[in-house]
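So the chains spell out like this:
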Amino acid sequence: MDSKRKPKSHPNEDICDMLNELANYENNVKRDVHRSRAYRKAAKTLSDLNYRVKSGEDAIKLPGIGKSIAAKIEEYLNTGEMKKLNAARKDDHFAIINDLTRVSGIGPVFAKELMESGITSIEELKKNIHLLNHHQKIGLKYLNDFEQKIPRSEMEQMEKFIKKVAKEIEKNIIITICGSYRRGLPESGDIDVLITDENSHNYLNLLVEKLTNKGFITDTIAQGDTKFMGVCKLQNFEKHRRIDIRFIPFNDYYCGVLYFTGSQMFNQEMRRHALEQGYTLNEHSLRKLGSTGVPGEPLVVASERDIFEYISFPYKEPSERNW
DNA sequence: ATGTGAG
DNA sequence: ACTCACATA
């Protein structure tokens, strides 16, 4: 009922997973972005196939798959494994970097630096917090909480609370909780809050201040004029949650709501369709492309439906966007 | 300005 | 792919 095209279960899924794992290895451990991209591209090609590749010879004809990746596919089809992947999985550096990057704010570059200075586990990291910046300290402090999913019932209470506080500021303030919550999923990874009002007045900082004073926002990771990133917790709840709040000018609001509601795959498909119809769609605006391919002025968008209508894309409820 | 990281 | 924020230079 809710989807046409899932990323899940295509005929070459096992091979794709292995190639993507190799891509991670090349990117995070070897820092070879080109090789990493090559693996990713090959995996993407395979994931779009509706039949199973039967041999390396078969695979090498496909775009993005050359001699070396074809050989690995051949090897896997014959032996059930790839030596290179086995080696990567045994590489301690891979495991260490994967562990350290669990901390929000630690990416592969800093993880590798830490490893090279002898910090090889989260435990070690806790003894060396002086090496971390503000974001990373918060990531470490709440590491366990941030790895827990948020039940829908808790999301509902947070939504109610945030909207109540917003209304105390200005009763016509517009708030939308996006992400997987808006798509109706039973759990979410974090809370993504969009805020605007009809006059595009920016209440972001005021809202953040209020939510902080009421004890809901407990930490700030980063705060600019249009985006807040931080941590929150409801009274009577145990876990701290990642929260993002962003102000979007009213004219851009529904493009933003669409974009931040996702899913990623759905967005891709929708943008692709927009292009087909001669439009370009991004998180800010929908614009018609001229004959030269130059985008015109942003179109007036007053709802998500408007966007679908402009590009003749059958309207999908958020719960139908779980692609 | 540039690199890192998040989303 | 693209945007934003931050840190460092």
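Conventions used here
- Residues numbered from 1 in each chain as written.
- Chains lettered and ligands numbered in written order.
- Predicted model: local features only at pLDDT ≥ 70, side-chain atom pairs only at ≥ 80, totals over all residues.
- Heavy atoms only, no water.
- UniProt positions renumbered as here; feature names shortened; annotations may be inferred.
- Helix = DSSP H or I, 4+ residues; strand = E, 2+ residues; numbered from the N terminus.
- Buried < 20%, exposed > 50% of the residue type's maximum accessible area, 1.4 Å probe, protein only.
- Contact = heavy atoms within 4.5 Å.
- Areas by Shrake-Rupley, 256 points an atom, 1.4 Å probe, with all protein chains shown as cover.
- Lys, Arg positive; Asp, Glu negative; His and termini not counted.
- Charge placed at Lys NZ, Arg CZ, Asp CG, Glu CD.
- Expected span 1.5 Å × (residues − 1).
- Phe/Tyr/Trp six-rings, centres within 6.5 Å; stacked < 30°, edge-to-face > 60°.
- Lys NZ or Arg CZ within 6 Å of the ring centre and 35° of its normal.
- Domains from an automatic or database assignment.
- Buried area = accessible area lost by both parts, 1.4 Å probe.
- Salt bridge = Lys/Arg side-chain N within 4 Å of Asp/Glu carboxyl O.
- Polar contact = N/O pair within 3.5 Å; in protein donor to acceptor, adjacent residues only side chain to side chain.

- As recorded in an unreviewed UniProt entry, chain A goes by DNA polymerase and comes from Dinothrombium tinctorium.
- Its UniProt record gives chain A a comment under Cofactor (unreviewed entry), which states: "Mg(2+)".

**Observations regarding the overall build of chain A**
Stage number 1. Within chain A one finds 16 helices and ten strands.
Stage number 2. With respect to the three principal axes, the spread of C-alpha positions in chain A is 65 × 60 × 40 Å.
Stage number 3. Burial analysis of chain A (323 residues in total) assigns 45% to the buried set.
Stage number 4. A fraction of 56% describes how many contacts in chain A between residues 6 or more apart in sequence connect residues 24 or more apart.
Stage number 5. When the accessible area of chain A is evaluated, it comes to approximately 17200 Å², of which 48% is carbon and sulfur surface.
Stage number 6. Taking the average location of the 50 positive side-chain charges in chain A and that of its 47 negative ones, the two points are 1 Å from each other.

**Remarks on helix 11 (residues 152-169)**
An α-helix turns once per 3.6 residues; consequently, residues spaced three or four apart project the same way.
Stage number 1. Over its 18 residues, helix 11 extends 26 Å from the first C-alpha to the last, a length consistent with the 26 Å expected when each residue adds 1.5 Å.
Stage number 2. Taken residue by residue, helix 11 has Glu154, Met155, Met158, Glu159, Phe161, Ile162, Val165, Ala166 and Ile169 as its buried positions.

**Quick word on the environment of Met115**
Stage number 1. Tracing the chain through its elements places Met115 in helix 7 (residues 108-116).
Stage number 2. Taking the C-alpha atoms as reference points, Met115 and Leu100, separated by 15 residues in sequence, lie 8.7 Å from one another.
Stage number 3. The contacts of Met115, once residues within four sequence positions are left out, are His93, Ile96, Ile97 and Leu100.

**Let's talk about the packing of aromatic side chains**
Stage number 1. Enumeration over the complete set of coordinates arrives at eleven aromatic pairs.
Stage number 2. Ring geometry for Tyr25 and Phe94: centres 5.1 Å apart, planes at 80°, overall edge-to-face. In this pair, Tyr25 sits in helix 1 (residues 13-28) while Phe94 sits in helix 6 (residues 92-100), placing the two residues 69 residues apart along the sequence. In this pair, the class of Tyr25 matches that of Phe94, namely buried.
Stage number 3. Both rings, one in Tyr259 and one in Phe260, keep their centres 4.9 Å apart while their planes meet at 85°; by these two values the pair is edge-to-face.
Stage number 4. Under the relative-accessibility criterion, Tyr259 is labelled partly exposed at 30%.
Stage number 5. Connected via pairs of aromatic rings, a cluster forms that spans Phe266, Phe308, Phe313, Tyr315 and Trp323.
Stage number 6. Of note, Lys288 hangs over the ring of Tyr279, and the distance from its end group to the ring centre comes to 4.5 Å.

**Remarks on the domain arrangement of chain A**
Interface size is commonly expressed as the accessible surface area that is lost when the partners come together.
Stage number 1. According to the domain assignment, chain A consists of domain 1 (8-90), domain 2 (95-141), domain 3 (150-247) and domain 4 (262-320).
Stage number 2. Each of domain 1 and domain 2 was reduced to a C-alpha centroid, and the two centroids are 29 Å apart.
Stage number 3. For the pair domain 1 and domain 2, the summed buried area comes to about 410 Å², and 57% of that belongs to carbon and sulfur atoms.
Stage number 4. At the junction of domain 1 with domain 2, the criterion picks out zero salt bridges.

**Some words on the side chain of Asp91**
Stage number 1. Its place among the elements puts Asp91 in the loop between helix 5 (83-90) and helix 6.
Stage number 2. Buried charge Asp91 goes without a salt bridge, the closest partner of opposite sign being Lys30 at 7.0 Å.
Stage number 3. Looking at Asp91, its side chain comes within polar contact range of the main-chain nitrogen of His93, at 2.8 Å.
Stage number 4. Excluding its chain neighbours within four sequence positions, the residues that come into contact with Asp91 are Tyr25 and Val29.

**Overview of helix 7**
Stage number 1. Restricting attention to buried positions, one finds in helix 7 the residues Phe110, Ala111, Lys112, Leu114 and Met115.
Stage number 2. In this fold, the buried residues of helix 7 make contact with helix 1, helix 6, helix 8 (122-126) and helix 9 (134-141).
Stage number 3. Residue Gly118 follows helix 7 closely and has a positive phi angle near 95°.

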